[in-house]
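Each chain is listed here by its residues.
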Amino acid sequence: MTDTVTGITILADSNIASLDEFFTATMLGQATEQTVSIIKVAGRDINAQLLAELQPTILLIRSVTSVNEALLADNESVEFVGSATIGTDHVDQDYLAARNITFANAAGCSKHSVAQYVLTAILTLRPQYWQPSTTLLMTSSMPPLTLGIIGLGNIGSTLAQYATALGWQVLGYDPLLHPSDTNNASFEQVLSQSDVVSLHVPLTDKKSTHKKAAAGQSFQSSNGSDYPTRHLINAEALAMMSPHTMLINSARGPVVNASDLEADIERNERQVVLDVFEHEPEISEGLLAKLAIATPHIAGYTVEGKLRGTQIIYDALCEKLAVAPAQSMQKLLPLNMFLWSELKAHPDRLIKFYDIMQDDASLRSQAVDGQVNGADFDQLRRDYHLRREWQF
Ligand SMILES: NC(=O)c1ccc[n+]([C@@H]2O[C@H](COP(=O)([O-])OP(=O)(O)OC[C@H]3O[C@@H](n4cnc5c(N)ncnc54)[C@H](O)[C@@H]3O)[C@@H](O)[C@H]2O)c1
Ligand SMILES: O=C(O)[C@H](O)[C@H](O)COP(=O)(O)O
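Residues numbered from 1 in each chain as written. Chains lettered and ligands numbered in written order. Predicted model: local features only at pLDDT ≥ 70, side-chain atom pairs only at ≥ 80, totals over all residues. Heavy atoms only, no water.

1. With respect to the site of ligand 2
Right, so step 1: With respect to spatial proximity, the complete set of residues near ligand 2 consists of N15, R62, S63, T85, I86, G87, R252, H297, Y301 and R381.
Right, so step 2: Measuring from an oxygen atom of ligand 2, one finds a side-chain N or O atom of Y301 at 2.3 Å.
Right, so step 3: For ligand 2, the accessible surface in isolation is 350 Å², of which the surrounding protein chains cover 92%.
Right, so step 4: Here the shell around ligand 2 is composed, by residue class, of 2 nonpolar, 5 polar and 3 charged. (Near = heavy atom within 4 Å. Polar contact = N/O pair within 3.5 Å; in protein donor to acceptor, adjacent residues only side chain to side chain. Areas by Shrake-Rupley, 256 points an atom, 1.4 Å probe, with all protein chains shown as cover. Nonpolar A, V, L, I, M, F, W, Y, C, P; charged D, E, K, R; others polar.)

Spelled out as structure tokens, the structure:
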């Protein structure tokens, strides 16, 4: 793991939270008596040339860095890749395994952040659905909201818990999990019977095996699935939804076919919320103009969500180094006064907890000559004032 002269060399995406608090000699090298040096660059600048020149032993990334053979072909030194994100569609995990490179992502790190983002979007656009279950039975003449959730993993299942706490009905669809109280509907039922549909799936493609000519092996692309999600929401799926049904995508942009979506919105005036975009980081102003809420891939961007992401990959690296973790995010968290119980009791305080329309306005203000360009989108995310997760 180390070069006898320089110890541990880390190349890291500068957008990873609290790198200097976690990845230091004290927090990593002390037990192994190794020096630790860390080089921080913008995620999109982590390229094959840099990997070949720096020969880092550890690579820490976020979703904007694609890790695959093209990136690592000329690098012989990397032994650990950590992605401080939930999504892994930017990583060829089969290639890393074939190179015997350890990989860790931050599963679940921002599940509450994203679930709270979705709740905020719904309750900002349709405040009539704010009906804490305590009042629902006594006063409501309106049926509770039916929330359709596609993908019932960490985020989808967390969202279902919040929805149930608000007295909403949940229709869930996840073909890779067993049926349950929430995994209780078909894809078509979720689309056709929900007031709101929220997407919480990874970006996956159709399973395909292809031969590696040199090795004569056949292997499946690491992002393959029997239930591929690329363009899962296309014209056919949108046609199953009533025009009244709101669509929210905070998963990955290509899960929704952007051109089919624009045609659908023009035809049905559907309320659509996007935090992720098929052609991200570029976004056409034409699409922006059709959206009820548009935000720059920040649904998971809370102090807690990003710190938890760093903590998880730090813990995984400590395991790789066989050292006991010495740093904890609890020591780094500022006091958090945002209580879910308070918000449930006082719906009018939602805007103080999270004013999602501020994030919407910031993104729209970046549009120039008919589009938001990639550099401005990335800058918005780099400069984003991290929210706080609502505490229980
Ligand atoms: N916008 C953001 O800031 C943000 C933040 C975190 C995660 N994400 C994205 O959200 C995705 C989901 O996150 P998670 O923590 O819930 O992941 P997860 O892996 O815990 O859950 C994903 C679920 O989707 C299910 N699934 C897979 N294919 C499906 C299909 N075709 N139809 C229905 N369900 C399917 C899986 O069975 C799994 O239960 C991530 O992969 C990531 O791309 C976005
Ligand atoms: O997959 C995730 O965790 C989220 O999409 C996360 O927001 C990715 O953020 P990024 O790495 O682009 O900063």
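Picking up after the structure, the text goes on.
2. As for unusual backbone geometry
Most peptide bonds take the trans configuration, and most residues that are not glycine carry a negative phi.
Right, so step 1: Omega for the peptide link from E280 to P281 comes to 10°, which places this bond in the cis form.
Right, so step 2: The backbone phi angle of H231 is positive, close to 55°, even though this residue is not glycine.
Right, so step 3: Among the structural elements, H231 can be located in the loop between β12 (224-225) and α10 (235-239).
Right, so step 4: What makes H231 partly exposed here is its relative accessible area of 27%.
Right, so step 5: Despite not being glycine, H297 has its phi angle at roughly 55°, a positive value.
Right, so step 6: By the element assignment, H297 lies in the loop between β16 (293-294) and α13 (303-321). (Helix = DSSP H or I, 4+ residues; strand = E, 2+ residues; numbered from the N terminus. Buried < 20%, exposed > 50% of the residue type's maximum accessible area, 1.4 Å probe, protein only.)

3. What about the environment of N47?
Right, so step 1: Its place among the elements puts N47 in the loop between β2 (36-41) and α3 (48-54).
Right, so step 2: What makes N47 partly exposed here is its relative accessible area of 34%.
Right, so step 3: On a C-alpha basis, the gap between N47 and T65 in space is 8.2 Å, while along the polypeptide they are 18 residues apart.
Right, so step 4: Polar side-chain contacts of N47 include one of 2.8 Å to the backbone nitrogen of L50.

4. Let's talk about the UniProt feature "domain: D-isomer specific 2-hydroxyacid dehydrogenase NAD-binding" (unreviewed entry) in the protein
Right, so step 1: If you check UniProt for "domain: D-isomer specific 2-hydroxyacid dehydrogenase NAD-binding" (unreviewed entry), the listed places come out as residues 129-207 and 229-299 in our numbering.
Right, so step 2: The distance from the first to the last C-alpha atom of residues 229-299 is 19 Å, and the span holds 31% helix and 15% strand. (UniProt positions renumbered as here; feature names shortened; annotations may be inferred.)

5. Remarks on the sheet that holds strand β13 (residues 246-249)
The pairing of strands in a sheet happens through backbone hydrogen bonds and is either parallel or antiparallel.
Right, so step 1: Strands sit in the order β7-β6-β8-β13-β14-β16 across an open sheet of 6 strands; the sheet is parallel. Lying at the two open borders of the sheet, with one neighbouring strand each, are β7 (169-173) and β16.
Right, so step 2: Sheet topology places strand β6 (residues 146-150) next to strand β8 (residues 196-199); 4 bridges connect them, and they run parallel. Note on β8: the bridge partner recorded for L147 is V196.
Right, so step 3: Sheet strands touched by helix α6 (residues 111-125): β6, β8, β13, β14 (272-274) and β16. Its angle to β13, the strand with the most contacts, is close to 150°.
Right, so step 4: Sitting on the sheet, helix α8 (residues 154-165) is in contact with β6, β7 and β8, with an inclination near 170° to β6. (Pairing = 2+ DSSP bridges. Contact = heavy atoms within 4.5 Å. Axes fitted to C-alpha atoms, helices over the stretch in contact; angles between N-to-C directions.)

6. As for the nonpolar core
Right, so step 1: Counting residues in hydrophobic clusters, the biggest one holds 38 residues, and the most contacted among them are Y117, L119, I122, L147, W168, I248 and W340.
Right, so step 2: Of all the secondary structure elements, the ones that give two or more residues to this core are α6, β6, α8, β13, α14 (340-345) and α15 (350-353).
Right, so step 3: Here the element with the most residues in this core is α6; it accounts for 8 residues.
Right, so step 4: Leaving out residues up to four positions away in the same chain, L119 has contacts with L159, Y162, L166, W168, W340 and W390. (Core = buried A, V, L, I, M, F, W, Y, C linked by side-chain atoms within 4.5 Å.)

7. A look at the pattern of salt bridges
Right, so step 1: Under the counting rule described, the total for this entry stands at 12 salt bridges.
Right, so step 2: For D378, the salt bridge goes to R44, with nearest N and O atoms at 2.5 Å. Of the two residues, D378 sits in helix α17 (residues 374-382) while R44 sits in the loop between β2 and α3, which places them 334 residues apart along the sequence.
Right, so step 3: Using a relative accessible area of 39% as the deciding quantity, one classes R44 as partly exposed.
Right, so step 4: With its nearest N and O atoms 3.4 Å apart, the salt bridge here joins E266 to K290. Pair noted here: E266 is in helix α11 (residues 258-268) and K290 is in helix α12 (residues 285-290), with a separation of 24 residues, a long-range link.
Right, so step 5: E266 gets classed as exposed once you look at its relative accessible area, which sits at 58%. (Salt bridge = Lys/Arg side-chain N within 4 Å of Asp/Glu carboxyl O.)

8. Here we look at the pairing of β8
Within a regular strand, side chains alternate between the sheet's two faces.
Right, so step 1: The side-chain alternation of β8 yields two buried faces, one formed by V196 and S198 and the other by V197 and L199.
Right, so step 2: Note: β8 against β13, 4 bridges, orientation parallel. Its bridge partner being in β13, S198 is matched across the sheet by I248.

9. Some remarks on the confidence of the model for the protein
Fine structural detail should not be taken from predicted coordinates in areas where pLDDT scores are low.
Right, so step 1: Looking at the protein as a whole, the pLDDT averages 93, with 92% of positions reaching at least 70.
Right, so step 2: For residues 211-216, every residue scores under 50 in pLDDT, and the model assigns this stretch 6 contacts once sequence neighbours within four places are set aside.
Right, so step 3: Scored by ipTM, the complex comes to 0.99, with pTM at 0.95. (pLDDT = per-residue confidence, 0-100.)

10. Regarding the site of ligand 1
Right, so step 1: The environment of ligand 1 is formed by 28 residues, the closest being N154, I155, D174, Y227 and S250.
Right, so step 2: Between ligand 1 and the protein, one listed contact pairs a nitrogen atom with a side-chain N or O atom of D275 at 3.0 Å.
Right, so step 3: Protein chains bury 88% of the 860 Å² of accessible surface belonging to ligand 1 in isolation.

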